[in-house]
Amino acid sequence: KICIVGGGFGGLYTALRLTTLVWPGKSKPEITLVDQRDRFVFKPLLYELLTEELDLDEVAPRFVDVLSRTGVNFVQGKVAETLPKGEGDGARGKVELESGEVIEYDYLVMALGSGTRLDMVEGAKEHALPFCNFEDALSL
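Thresholds, definitions, all that
Residues numbered from 1 in each chain as written. Predicted model: local features only at pLDDT ≥ 70, side-chain atom pairs only at ≥ 80, totals over all residues. Heavy atoms only, no water. Core = buried A, V, L, I, M, F, W, Y, C linked by side-chain atoms within 4.5 Å. Buried < 20%, exposed > 50% of the residue type's maximum accessible area, 1.4 Å probe, protein only. Helix = DSSP H or I, 4+ residues; strand = E, 2+ residues; numbered from the N terminus. Contact = heavy atoms within 4.5 Å. Salt bridge = Lys/Arg side-chain N within 4 Å of Asp/Glu carboxyl O. Pairing = 2+ DSSP bridges. Axes fitted to C-alpha atoms, helices over the stretch in contact; angles between N-to-C directions. Patch = residues over 30% accessible without salt bridge, like charges linked within 9 Å, V, L, I, M, F, W, Y side chains within 5 Å. Areas by Shrake-Rupley, 256 points an atom, 1.4 Å probe, with all protein chains shown as cover.

### Quick notes on the nonpolar core
Counting 12 residues, the largest nonpolar core consists of I2, I4, L12, A15, L18, I31, L33, F40, F63, L67, V72 and F74. Secondary-structure elements contributing two or more residues to this core are strand 1 (2–5), helix 1 (9–20) and strand 2 (31–35). In terms of residue count, helix 1 provides more of this core than any other element does, three residues in total. Contact partners of I31, with chain neighbours within four places excluded, come to I2, I4, A15, L18, T19, G71, V72 and N73.

### Quick notes on the pattern of salt bridges
Tallied over the entire structure, the rule returns seven salt bridges. Note that D38 and R62 form a salt bridge whose closest N and O atoms lie 2.5 Å from each other. Placement of D38 in the loop between strand 2 and helix 2 (46–50) and of R62 in the loop between helix 3 (56–59) and helix 4 (63–66) is noted, with a sequence separation of 24 residues between them. E104 is the partner of R92 in a salt bridge, and the nearest nitrogen-oxygen pair spans 3.8 Å. Here R92, found in the loop between strand 4 (79–83) and strand 5 (93–97), pairs with E104, found in strand 6 (residues 102–105); they are 12 residues apart in sequence, far enough to count as distant. The class for R92 is partly exposed, based on a relative accessible area of 31%. Taken together, the shared-partner salt bridges in this structure form one network comprising R92, K94, E104 and D106.

### A few points about unusual backbone geometry
A positive phi angle is found at E52, which is not glycine, with a value near 60°. E52 sits in the exposed class, given a relative accessible area of 70%.

### Concerning the sheet that holds strand 6
With antiparallel pairing, three strands are arranged side by side in an open sheet as 4-5-6. Two strands in the sheet have a free side with no partner beyond their single neighbour: strand 4 and strand 6. Neighbour-to-neighbour, the strand axes of this sheet turn through a mean angle of 15°, independent of strand direction. Here strand 4 runs beside strand 5; their pairing, made up of four bridges, is antiparallel. Looking across to strand 5, one finds that V79 is bridged to L97.

### Comments concerning a nonpolar patch on the surface
The grouping of Y47, L50, L129, F131 and L140 at the surface amounts to a nonpolar patch, some 490 Å² of accessible area in total. Within the element layout of this structure, L50 appears in helix 2. For L50, a relative accessible area of 39% translates into the label partly exposed.

Pasting the structure below:
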């Protein structure tokens, strides 16, 4: 079992690539992708959502649609805690979501991405609007 936390470019493409590998004994692992949002945002096209050149589903498709024929499970949720393998009550590691759902794993990929730091430039926090994710685009 492989659990990937974070559905940005790193997490999504890791999940997709893992589905194409040849596994020993033809035993593909169960792959689960966890993200707090329900959509993958293709950031290079985010501005085209604002200019109405592209539709929402072209810039930010739903994970369930992107992963529909891949065998990758998608779980929407926010991680509350991770327990490494061997800790807690079992040999597998665990990712616990704020909802209480627990996802067991043998391998964990943490692909949490980056954040916008508006405190690096004087006045940016007070006068700039970030443009890095779907929520930022909608607020503009």
